[in-house]
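Secondary and tertiary structure notes
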Amino acid sequence: MGPDHRHVALTAVVGGFLLGFLDFMWIKWVPYPFAELGNSSAVWAVAAFGFGYWVRSGWLRAALGAAVGLVVAVPSYYLAATLIQGDDLAVLWAPTSLLWMSFGVVAGVVFGIGGTWARGSGWRQLVGAALPGAVLFAEAGLLAKDIGHPSYGIDPLWNALINVVLGVLVVVLVGGTNRRRALALAAAVPLAVVGFGAFLVAGFR
């Protein structure tokens, strides 16, 4: 038995607010290279996965709740920027904010459902457990392609390695048995290729 509908709705809103607000604080005060996790779209996707994993059952409410959480996180992030460093409050409803919210809906639906699948069995469990690792690996690929660029030097290497380590760790945590973990890690590789392409199509660097 998972949480009831009221708990799901409340957690989605409160969790989304905390995700956005604390994410900005993380960027502001955590030292490099770990501060870069605050700029990570993959980390937000994993948060949506974690929400679905917590919901346990009912893919529709997991998808809706995770999407709501990520949508709420966007204005919460910019609200933190306004309160902490005096940014213009108008950024909360700027076109870029609306774009990030639309990305949040897509990621919330996909990874929220993935979180419930990871609790299941068969191919759904395999795909669900692979998804959080795949998105972290895909973002690691984006970071890795900037290694050696005059503007970045070798710095992206450390961020890519952190993403890979976190990707392996999260799959190990949710994979279940060692056999399932190994299969999920193997499945995460082709899914990461798909995710890498999706990042590029969506305009991520």
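Each remark here, short or long, concerns the structure printed above.
Now for a description of the structure that goes with this document. What you see is a predicted model, and the numbers here were worked out from it, not measured in a lab. (Residues numbered from 1 in each chain as written. Predicted model: local features only at pLDDT ≥ 70, side-chain atom pairs only at ≥ 80, totals over all residues. Heavy atoms only, no water.)

**Some points on the packing of aromatic side chains**
In this description, a pair of aromatic rings is defined by centroid distance and the angle of the planes. One pass over the full model with this rule turns up seven aromatic pairs. Here the aromatic rings of Phe24 and Tyr77 are separated by 5.4 Å at their centres, their planes lie at 85°, and the arrangement is edge-to-face. Here Tyr77 lies in helix 3 (residues 59–85) and Phe24 lies in helix 1 (residues 5–29), a separation of 53 residues in the sequence. Like Tyr77, Phe24 is buried. Ring geometry for Trp117 versus Trp123: centroids 5.3 Å apart, planes at 75°, classification edge-to-face. (Phe/Tyr/Trp six-rings, centres within 6.5 Å; stacked < 30°, edge-to-face > 60°. Helix = DSSP H or I, 4+ residues; strand = E, 2+ residues; numbered from the N terminus. Buried < 20%, exposed > 50% of the residue type's maximum accessible area, 1.4 Å probe, protein only.)

**Some remarks on the pattern of salt bridges**
Enumeration according to the criterion identifies one salt bridge in this entry. A salt bridge links Lys145 to Asp146; its shortest N-O distance comes to 3.8 Å. Taking the relative accessible area as the measure of exposure, Lys145 reaches 44% and is therefore partly exposed. We classify Asp146 as buried; its relative accessible area is 8%. (Salt bridge = Lys/Arg side-chain N within 4 Å of Asp/Glu carboxyl O.)

**Some details on the environment of Arg179**
Its place among the elements puts Arg179 in helix 7 (residues 178–201). Considering only alpha carbons, one finds Arg179 and Trp29, 150 residues apart in sequence, at a separation of 39 Å.

**Some thoughts on unusual backbone geometry**
With an omega of 5°, the peptide bond running from Tyr32 to Pro33 counts as cis. Structurally, Pro33 can be placed in the loop between helix 1 and helix 2 (41–55). The phi dihedral of Arg56 falls on the positive side, at around 80°, and the residue is not glycine. With respect to the secondary-structure elements, Arg56 resides in the loop between helix 2 and helix 3. Given a relative accessible area of 42%, Arg56 falls into the partly exposed group.

**As for the packing of helix 5 (residues 122–144) against helix 6 (residues 155–174)**
Where helix 5 contacts helix 6, the axes come no closer than 8 Å and their chain directions differ by 175°. Between helix 5 and helix 6, the crossing angle belongs to the class labelled roughly antiparallel. From helix 5, Gln125, Ala129, Pro132, Gly133, Leu136, Phe137, Glu139, Ala140, Leu143 and Ala144 reach across to helix 6, where they touch Pro156, Asn159, Ala160, Asn163, Val164, Leu166, Gly167, Val168, Val170, Val171 and Val174. Taken together, the residues of the contact of helix 5 with helix 6 break down into 15 nonpolar, five polar and one charged. (Axes fitted to C-alpha atoms, helices over the stretch in contact; angles between N-to-C directions. Parallel < 35°, antiparallel > 145°, perpendicular 65-115°, else oblique. Contact = heavy atoms within 4.5 Å. Nonpolar A, V, L, I, M, F, W, Y, C, P; charged D, E, K, R; others polar.)

Worth remembering: the numbers are spatial, not functional.
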